[in-house]
Amino acid sequence: MNKVILLSIILLSGSFQVVFSQTSQLIRTLKCDITNQNTLYFQLINESSLTASKITFALTDGKGKSYGNVQFNELCPQQHVTVEFPLSGKNIYHLFSNGLPKIAYKSKAMSGQFDIPAEMQLLAIAKGAKNEPDNELANLGEKLDATVAVYNCVAYEGYPVHELINRKYTTVDNPYKDLSEKTISEMLTGDVSRKKDALKHVIATIEGDRKDYSGKSIYLISHAHQDLYWLWGHQESGKMMQDNLRQAVAFLKEFPQYRFSQSQTAIYREIEKSDPKVFEEIKGFVSDGRFELLGGQWSEGDNNLSSGEATVRSFLLGQRYYQSRFGKMAKVGWLPDNFGHIGQLPQLLNQAGIDYYYFNRCAPHSGSFVWEGIDGSKVLAYSNPSYVTHLRTNICDDFEYLIPGQERLFHVLGVGDHGGGPTRLDIETERQMQKINRFPAIQFTSAEEFFKDASLNMDKYPIHKGEMQFIFEGCYSSVSGIKEGNRNGEARLFESEILNSLNHIYFDKYPSKKLNEAWEKLTFNQFHDILPGSSIF
């Protein structure tokens, strides 16, 4: 009944084709962009139930002038397709000089058209300028491209282009349509000076609409959070560790400004055994100061269920391993995913040579604060909502909502587990952000460098005393078998060390290697998803 009423209204209104195309668009744009080679491209999807044979996509400007067409033999239902239109010379400006361009599609089964969004005009100006022969013009194009990417996100039909700008669920703030049209007119003149002035005006206008954060700093900490066990078993865990650190090494080789930080010495031990070449490369980057050793523990173990002795052994095993392989120890404690934090931890961190602590859950404060243990020991701590993130273009919002009143933002960047850490797009976005004005100072750095800088303002931070608890309380009672096994293992190891010490005094050699290996296995299995019972078994 609803369909009949709708059809009647459409027929009476005399706008059948327009309304039909708006409510029943057969082909939808998923993504649109202009490449650095001045190619306009679209990723489209056929959302109809129809198969289109020999379908043609034609690009025209606002007055109907053709700028090329692309044909596909077949487009099936729900099929994705990429349509590209190369634009040589000044054609990238001419295309947008007569209003908004259009793309029409036609086959026997379907036909329709859609406008290229107004905000693409800004990209056309930036990409065109980047290819101008004058160096200053090209540099202004680079800066406009970065400004558009960070400050003015490109979208289409309400669908955010998060593949391009890494800002999910966000649409364009302002397409600057009138300003873009005037600037395109200037770019079509032969006057280089007028072109430069036009580009400077566009950049200044977009930047002027944004709040000035130039007095603040963003510290990017590249990291891959690795669950030693979670939704997979031992074999997959080993592969995950290899994949993550191989990717980290690859990016360190490719991008001179890139740095990487990794916790859990059990991961390094696995790489040392399974991929000695990558391990040696990691040692080189550690020596160069571009690869940071984090945590100082054998694993990111749960410290609510582990005994005090086991927690101490995790630090002892971890820091000794770091010292023996890399000639240095971790300076930053790192337990982002743990379900609670005991009041004795600041004391244990200090005794392990660690003065700083990063975590996420159960935080009494957001951002930097001083955590004081039950014995008076203190560490400078930092907490934020997520340790698995991308580099969002709206990251400056964190200064308002996450750390109001603080000047330094600690941003852990990277896809965890099988993700390999930061993506190539994250690294390129950091480059873009460095080019624009009114933006915080931003760079890839180490967690230790952040905390050293943040410690200059220790007297300004709030102080929390004692433990930080609880979340996921069911983890302390579920899968009781592994908890029983853990406690038995701790007790047997303690007993074994006492008995073997006595045996060593009167009879035999102390089996330190075997006991250390047993402690490594035990502290590995105290990982925050194994011991609490929140992983598969």
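The structure reproduced in this document is the subject of the present report. As the structure is a computational prediction, the values presented were derived from the model and not from experiment. (Residues numbered from 1 in each chain as written. Predicted model: local features only at pLDDT ≥ 70, side-chain atom pairs only at ≥ 80, totals over all residues. Heavy atoms only, no water.)

The next thing to look at is the packing of aromatic side chains. Two measures describe an aromatic ring pair: the distance that separates the ring centres and the angle between the ring planes. Following the criterion strictly, the structure yields 33 aromatic pairs and no others. Considering the side-chain rings of Y105 and F114, the 6.3 Å spacing of their centres and the 40 degrees angle between planes classify their relative orientation as tilted. For the pair Y105 and F114, a shared accessibility class is recorded, and that class is buried. Consider the rings of Y229 and F524, whose centres lie 5.8 Å apart with planes at 85 degrees: the pair is edge-to-face. One end of the pair, Y229, is in the loop between β10 (217-222) and α9 (234-254); the other, F524, is in helix α18 (residues 512-524), with 295 residues separating them in the sequence. Here F524 falls in the buried class, since its relative accessible area comes to 15%. The rings of Y219, W334, Y356, Y358, Y382, F410, F450 and F451 are connected pair by pair, giving a single aromatic cluster. (Phe/Tyr/Trp six-rings, centres within 6.5 Å; stacked < 30°, edge-to-face > 60°. Buried < 20%, exposed > 50% of the residue type's maximum accessible area, 1.4 Å probe, protein only. Helix = DSSP H or I, 4+ residues; strand = E, 2+ residues; numbered from the N terminus.)

Here the focus is the sheet that holds strand β13 (residues 332-335). The sheet built from five strands is open, its strands ordered β13-β14-β16-β15-β19 with mixed pairing. The open sheet terminates on both sides in strands that have one partner only, identified here as β13 and β19 (463-465). Strand-to-strand twist of the sheet, defined as the mean angle between neighbouring strand axes without regard to direction, takes the value 30 degrees. Pairing of strand β14 (residues 356-359) with strand β16 (residues 378-383), which is carried by four bridges, proceeds in the parallel orientation. Note on β16: the bridge partner recorded for Y357 is A381. (Pairing = 2+ DSSP bridges. Axes fitted to C-alpha atoms, helices over the stretch in contact; angles between N-to-C directions.)

Helix length check: helix α11 (residues 276-288) (13 residues) gives 19 Å between terminal C-alpha atoms against 18 Å at 1.5 Å per residue, within 8%. Taken residue by residue, α11 has V278, F279, E281, I282, F285 and V286 as its buried positions. Considered in projection along α11, the buried side chains sweep an arc of 160 degrees and stay on one side of the axis. Set apart from the buried face of α11 by more than 90 degrees, the exposed residues are K277, S287 and D288. Tucked inside the fold, the buried residues of α11 contact α9, α10 (265-274), β12 (291-293) and α12 (308-326). At the C-terminal side of α11, G289 shows a positive phi close to 85 degrees. (Expected span 1.5 Å × (residues − 1). Arc of directions from axis to C-beta. Contact = heavy atoms within 4.5 Å.)

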